[in-house]
Amino acid sequence: MSVQHIDYQEQLSIKHKQIRELFKRIGGFDTALIDPVVPSPKPYGYRNRIMIRSQWDKFKQGLNIGYIRSDSRLVIDIEECKIAEPALNERIKEVRANPPPKGGLKVVLRIMPEGWAVPPDSFFQNNFALLTKLVEIVRDRFQSSGSGHLIDLYCGVGFFGLELADRAKSFVGVELDRMAIKAARTNMETRGIKNGEFVAQTAEEALPWLLNRFDPASTTIIIDPPRKGCHPTLLPLLRQMRPAQIIYVSCHPATMAGT
């Protein structure tokens, strides 16, 4: 559903209703458990990574450079993106001034986070403006559990593990992307953090031996999977091993509700 033409406070109400309905319909959750949506300090001009595409338009005999339409595979020509960081809109102008040689090409435009090593194709949160609030909420949840240990699955470049390191006796980050793991170790070294480690492995492969190493009753697990959600074999492991707490950070509510 597109809601950008609606007043922002009303957008938040619509999104809250969508989440409540998803969790009730897919997961069978009590809708009273769903807190209101946390507003962004920057409703527009916040996104730090976008992908624009090129496509030959035979009618105008030129390239369209922009986003794929929601109702077709056609690329709609754009001059700017209202939700992208201003610096990215300047780079859109540069791409348009120096267009790709042909259609069918993708151009990824990205602003790297300050103070973090992030490989070009590795994941990082797309909204810098909400990072502080996101970390605050996750830290509060972690501290409330009384856990001494933290397992950060799908850890990327180590964001959550490193942000919570000062609240944990020890932590382990797990990520299949080896370049991201290399960056996570760099980020840990840069911060002088000594109580953690990062391993290049799938979440479902790593979890059994990690919960043999740490007492599940004193361990919190953070999962921040891609849009498709967790690997199916991971969920039975989590239910079987019953850690003290699971914190699920999701970019796709439907797959989260189905978990």
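From a predicted model like this one, the values you see are computed outputs, not experimental measurements.

Report on the pattern of salt bridges, specifying residues and quantitative values.
Taken as a whole and assessed by the stated rule, the structure comprises 11 salt bridges. A salt bridge links D77 to K60; the nearest nitrogen and oxygen atoms lie 3.9 Å apart. With a gap of 17 residues between them, D77 in strand β3 (residues 75-77) and K60 in the loop between β1 (49-57) and β2 (62-68) connect regions that are remote in the sequence. Between E136 and K133 there is a salt bridge, with the nearest N and O atoms lying 3.2 Å from each other. Of the two residues, E136 and K133 both sit in helix α3 (residues 131-145), three residues apart, roughly one turn of that helix. Given a relative accessible area of 36%, E136 falls into the partly exposed group. Since its relative accessible area comes to 34%, K133 is described here as partly exposed. Here the salt bridges do not stand alone but share partners, grouping K60, D77, E79 and R96 into one network.

Which residues make up α3, and what are the values?
Helix length check: α3 (15 residues) gives 22 Å between terminal C-alpha atoms against 21 Å at 1.5 Å per residue, within 8%. Within the sequence span of α3, burial applies to L131, V135, V138, R139 and F142. Within α3, the buried residues cover an arc of 105° as seen down the axis, which keeps them to one side. Contact partners of the buried residues in α3: β5 (149-153), α4 (159-163), β8 (219-223) and β9 (245-248).

About the criteria used
- Residues numbered from 1 in each chain as written.
- Predicted model: local features only at pLDDT ≥ 70, side-chain atom pairs only at ≥ 80, totals over all residues.
- Heavy atoms only, no water.
- Salt bridge = Lys/Arg side-chain N within 4 Å of Asp/Glu carboxyl O.
- Helix = DSSP H or I, 4+ residues; strand = E, 2+ residues; numbered from the N terminus.
- Buried < 20%, exposed > 50% of the residue type's maximum accessible area, 1.4 Å probe, protein only.
- Expected span 1.5 Å × (residues − 1).
- Arc of directions from axis to C-beta.
- Contact = heavy atoms within 4.5 Å.

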